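Notes for the structure review
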Amino acid sequence: MPVTLTTPARNTAAHPTAAHPGAADCRLPVLGDEVRAPLAGGGEIGYAALDYAASAPALRAVWDEVAAYAPYYGSVHRGAGHLSQLSTDLYEESRRTVAAFLGCRPDDELIFTRSTTDSLNLLAGALPAGTQVFVFETEHHAALLPWAHHGHTVSYLPAPRSTGQAVATLVTALADAAPGPKLLCVTGASNVTGELWPVAELATAARRAGARTVLDAAQLAPHRPVDITALGVDWVAFSGHKLYAPFGAGVLAGRADWLRGARPYLAGGGASRAVTAEGGAVTVEWQDNVARHEAGSPNVIGACAIAAACRALTGAGFERLVAREEELLAGLRAGLASVPGVRELSLFGPQAARVAVLSFVVDTWPSEAFARALSERYGIGVRDGLFCAHPLVRTLLGADQEAADGCEGPLKAIRVSFGAGTPAEHLERLVRAVRELVAEGQPAA
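From a predicted model like this one, the values you see are computed outputs, not experimental measurements.

Calculation criteria
- Residues numbered from 1 in each chain as written.
- Predicted model: local features only at pLDDT ≥ 70, side-chain atom pairs only at ≥ 80, totals over all residues.
- Heavy atoms only, no water.
- Helix = DSSP H or I, 4+ residues; strand = E, 2+ residues; numbered from the N terminus.
- Rg over C-alpha atoms; globule rule 2.2 N^0.38 Å.
- Buried < 20%, exposed > 50% of the residue type's maximum accessible area, 1.4 Å probe, protein only.
- Contact = heavy atoms within 4.5 Å.
- Areas by Shrake-Rupley, 256 points an atom, 1.4 Å probe, with all protein chains shown as cover.
- Lys, Arg positive; Asp, Glu negative; His and termini not counted.
- Charge placed at Lys NZ, Arg CZ, Asp CG, Glu CD.
- Pairing = 2+ DSSP bridges.
- Disulfide = S-S within 2.5 Å.
- Patch = residues over 30% accessible without salt bridge, like charges linked within 9 Å, V, L, I, M, F, W, Y side chains within 5 Å.
- Salt bridge = Lys/Arg side-chain N within 4 Å of Asp/Glu carboxyl O.
- Axes fitted to C-alpha atoms, helices over the stretch in contact; angles between N-to-C directions.
- pLDDT = per-residue confidence, 0-100.
- 1 Å grid on protein atoms, 1.4 Å probe; cavity = no way out; pocket = protein on both sides within 12 Å on 5 of 7 lines; lining within 4 Å.
- Points joined across faces, edges and corners; volume = space filled by probe spheres on them.
- Nonpolar A, V, L, I, M, F, W, Y, C, P; charged D, E, K, R; others polar.

Our focus in this paragraph is the overall build of the chain. Scanning the chain from N- to C-terminus turns up 15 helices and 17 strands. Its C-alpha atoms give the chain a radius of gyration of 23 Å, within 12% of the compact-globule value 22 Å for 445 residues. Projected onto its principal axes, the C-alpha coordinates of the chain cover approximately 75 × 60 × 40 Å. Buried positions account for 55% of the 445 residues belonging to the chain. If you take every contact in the chain between residues at least 6 apart in sequence, the share linking residues at least 24 apart comes to 71%. Carbon and sulfur atoms make up 55% of the accessible area of the chain, which amounts to about 19,000 Å² in all. Positive and negative charge centroids in the chain, built from 36 and 44 side chains respectively, lie 1 Å apart.

Here is the structure:
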């Protein structure tokens, strides 16, 4: 039977919201709150981590659960000893926890992977021969690239300028598609603009045309509830490291039929049920459940960390977390909009619903120099570049292909992203820093 580990007590006095979850500020304590960053002019300041869209800091609650489990770590599924049995129970309980977090249907399967990229490549390898894939060119490379890489025919849909146009574009593309299996891959929230995509409407349009849908929830899951059943999608993929869970684990959850009918993602122990050698040949009988695509010793701690993050977010109450995020995001957008020469990037327009991810350009500064100045002078960590979504950022920048070619081109953007662990002061510091840097202008080389 499953064993529950006792989480070590922590000093809640240092984190009042942990002791009093009903407090107005429902910020969740994260690792790194006490990190200090050196300043170019001397001294140091509390580090403002505003790059959650790349990797969010680990929740303290997640770290505490991992610390409680670490002494009991053991190999899963293939050991009769106490630690192996305990680890197997925790691993499978983590699978059930994450499935509940995602609103999985009773017959769905949930596979632990390394990341969103790994999950979508796994699914790409499991698609039936002849599958046509439909994906908007605005996707993150993790969702844009696996399908052709695995030999499938791909229709790259042009960047829509409204949610309604996105649905209409898909409907037209599906109507012109040849018979056979079809798959739509779509993001839940853009990793560049934070804008929410009309996932349920797109999934409905796909289903009516006989197509299936996989949701890239890497940026959605940390900020909004994700429910496979309510959204009507067939699969969901996301990464633990964006959901406040370290240790390099991800998830692919959804319909079992294509997954069970595919070749194992990796060949090895765990994926094989029986192996026989006879007459100089080896015959393999593969598993027909989730183990089919989980060859090798799994990342047990990573899986437990994801489950711990799911429990922490659910326990904190997504409604409260969303309300706080929207209030902070509104203040950030208003502050940046008040600075001359700062332009926020948007695909669907300023009124579109979005999560706490925002990209902008500064007319008088190259993005790389501006991001460096934010770090060296203000202790603020942001991201600059094309954010592994090159076609989308180039579209938003209005850049020609030659000028923005590759990651070294001058036409890039600055991205700010935050979440449940971000203090309001970090965003206030960012707006103040942007205003001061724009007023000064870029220093001479």
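Attention now goes to the pairing of strand β11 (residues 272-278). By the bridge criterion, six bridges tie β11 to strand β12 (residues 281-286) in an arrangement that is antiparallel. Within the sheet, the bridge partner assigned to glutamate 278 lies in β12 and is alanine 281. The antiparallel pairing of β11 with β12 creates a hairpin that spans two residues between the two strands, and glycine 279 there sits at a positive phi of about 65°.

Quick look at the state of the cysteines now. Inspection of the entire model under this criterion finds zero disulfides. The cysteine cysteine 304 is free of any disulfide, with cysteine 310 supplying the nearest cysteine sulfur at 12 Å. Judged by relative accessible area, which is 11%, cysteine 304 ranks as buried.

A cluster of nonpolar residues, Val275, Val282 and Val284, forms a patch on the protein surface that exposes about 240 Å² of accessible area. Tracing the chain through its elements places valine 284 in strand β12.

Moving on to the sheet that holds strand β14 (residues 357-362). With antiparallel pairing, four strands are arranged side by side in an open sheet as β13-β14-β17-β16. With one partner strand each, in any of the chains shown, β13 (342-344) and β16 (383-385) form the two edges of the open sheet. Each strand axis lies, on average, 30° off the axis of its neighbour in the sheet, ignoring direction. Inspection of the sheet shows β13 paired to β14 by three bridges, in the antiparallel sense.

With respect to topology, seven strands assemble into an open sheet ordered β4-β10-β9-β8-β7-β5-β6, the strand pairing being mixed. Of all the strands in the sheet, just β4 (109-113) and β6 (153-157) have a single pairing partner and so form its edges. Averaged over all pairs of adjacent strands, the angle between their axes in this sheet comes to 20°, without regard to strand direction. Looking at chain direction, strand β5 (residues 132-136) and β6 are connected through five bridges and run parallel. Each bridged residue has a counterpart across the sheet, and for phenylalanine 134 the counterpart in β6 is serine 155. Docked against the sheet, helix α3 (residues 82-101) engages β4, β9 (235-239) and β10 (250-254), running at close to 115° with respect to β4.

Attention shifts here to the confidence of the model for the chain. Summarising the model, the chain shows a mean pLDDT of 91, and 91% of its residues fall at 70 or more. Contacts for the low-pLDDT stretch residues 1-24, under 50 throughout, to residues beyond four places or in other chains number 33 contacts.

To continue, consider the layout of surface pockets. In this structure, the largest pocket occupies an estimated 430 Å³ of space. Every residue lining the largest pocket is counted, 31 residues in all, and those nearest its centre are His140, Asn191, Phe387, Cys388 and Arg415. Where the lining of the largest pocket is concerned, the elements lending two or more residues are α4 (116-126), β16 and α14 (390-397). Looking at the lining of the largest pocket, the element that brings in the most residues is β16, giving three residues. Partitioned by chemical class, the residues of the lining of the largest pocket number 11 nonpolar, 13 polar and seven charged.

In this structure, phenylalanine 387 is a non-glycine residue whose phi angle is positive, near 60°. Tracing the backbone shows phenylalanine 387 in the loop between β16 and α14. On the basis of relative accessible area, phenylalanine 387 is assigned to the buried category, the value being 8%. One non-glycine residue, cysteine 388, adopts positive backbone phi at about 50°. Within the secondary structure layout, cysteine 388 lies in the loop between β16 and α14. Among the residues examined, cysteine 388 registers a relative accessible area of 42% and is labelled partly exposed.

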